[in-house]
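Overview (structure and organization)
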Amino acid sequence: KDGRSLRGLLSIFGNLFYANHYLADDYWSLVFLKMAGRNFDREKTIRVKKSLQVLNGIFEKNPAPLTQVDVRLQGMAESLADELTLRDPEPKEISISDLKSIFGEWKGQAASDSPEKNEDWETFKAEELQGLADSGIFIQGAMLPCNHCGSRLWYPLEDIRSKIKCHGCFYEFSATIRPLEWSFRLNSLVCNALRKEGALALIRALYHLDEQFSREMFLFLPCQDVYEKGSKEPFAELDIVCLHDGKFTIGEVKSNWV
């Protein structure tokens, strides 16, 4: 985790409160992680499925019981290592219809957990989407096809004009032939902070410390590297460095807290 990443993330959200407002929200955190290419449940499901396929194949070839010293263990380990080399999905844009679809799925799950919930998109999320776009956290744009090379590429709103230069072949094509379906990409700073820096867990942890353990004062620093005297290389990293109600606290945050 990088303190500069956290500092930048908080600057674009405005403060810790607003960052936590979105990142601790079950719906928006799901959307943010999907846009950043992080879907932990899906990744685990794929790995489990592939593991079962590999193991079933091995035991079909040799169904004898497995012992601790079985020579098949090495081959099994190599097969699993080969098959389970998975990459995180690439960051992706998301359309308003996608956002509403995710909201419907989330609402169905939320209603089963809390039947009294009766939220709708227009009342509870459309205004927040506008705020995310206005602040530059979501970048609005559209996927456009080039009629010269056939490439379908995403262009931000500020680049969309009557004539657009294709990012692939560099020929100009018309962007006004058919209606545009607007979609959103995650601000690169926010995307990297969520995808690579574990910022989601860190934001939640800091906000929890402020809410639960601070009554009068809460000050915190972004993640800090710790150096031994005279050394140019850090020997430790502090995820949490904060002062609350006269108490000094340092701590570690696990990035898989989602």
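Here the structure is shown first, and the text comes after it.
Presented here is an overview of the structure given in this document.

Cut-offs and rules
Residues numbered from 1 in each chain as written. Predicted model: local features only at pLDDT ≥ 70, side-chain atom pairs only at ≥ 80, totals over all residues. Heavy atoms only, no water. Core = buried A, V, L, I, M, F, W, Y, C linked by side-chain atoms within 4.5 Å. Buried < 20%, exposed > 50% of the residue type's maximum accessible area, 1.4 Å probe, protein only. Helix = DSSP H or I, 4+ residues; strand = E, 2+ residues; numbered from the N terminus. Contact = heavy atoms within 4.5 Å. Pairing = 2+ DSSP bridges. Arc of directions from axis to C-beta.

What follows covers the nonpolar core. Ranked by size, the top nonpolar core spans 46 residues in total, and within it Phe13, Trp28, Phe32, Phe138 and Leu186 carry the most contacts. For this core, the leading source of residues is helix H10 (residues 199-213), giving 9 residues. Leave out the neighbours within four places in its chain, and phenylalanine 32 touches Phe13, Leu23, Leu132, Ile137, Phe138, Leu186, Val190 and Leu194. Ranked by size, the runner-up nonpolar core spans 9 residues in total, among them Ala142, Ile160, Ile164 and Ala175.

Turning our attention to the sheet that holds strand S1 (residues 94-95). Here we have 4 strands laid out as an open sheet, ordered S1-S6-S2-S3, and antiparallel in their pairing. In the strand order of this sheet, the two ends are held by S1 and strand S3 (152-156), each with one partner. In the sheet, strand S2 (residues 138-145) pairs with S3 via 5 bridges, with the strands oriented antiparallel. Across the sheet, the residue bridging to methionine 143 is tryptophan 154, located in S3.

Here we come to helix H8 (residues 126-134). When H8 is considered as a whole, its buried residues turn out to be Glu128, Leu129 and Leu132. Looking straight down H8, one finds that the buried residues subtend no more than 105° of arc, so they occupy a single side. Opposite its buried face, H8 presents the exposed residues Glu127 and Asp134, each directed more than 90 degrees away. Of the residues flanking the end of H8, it is glycine 136, one or two places downstream, whose phi is positive at about 85°.

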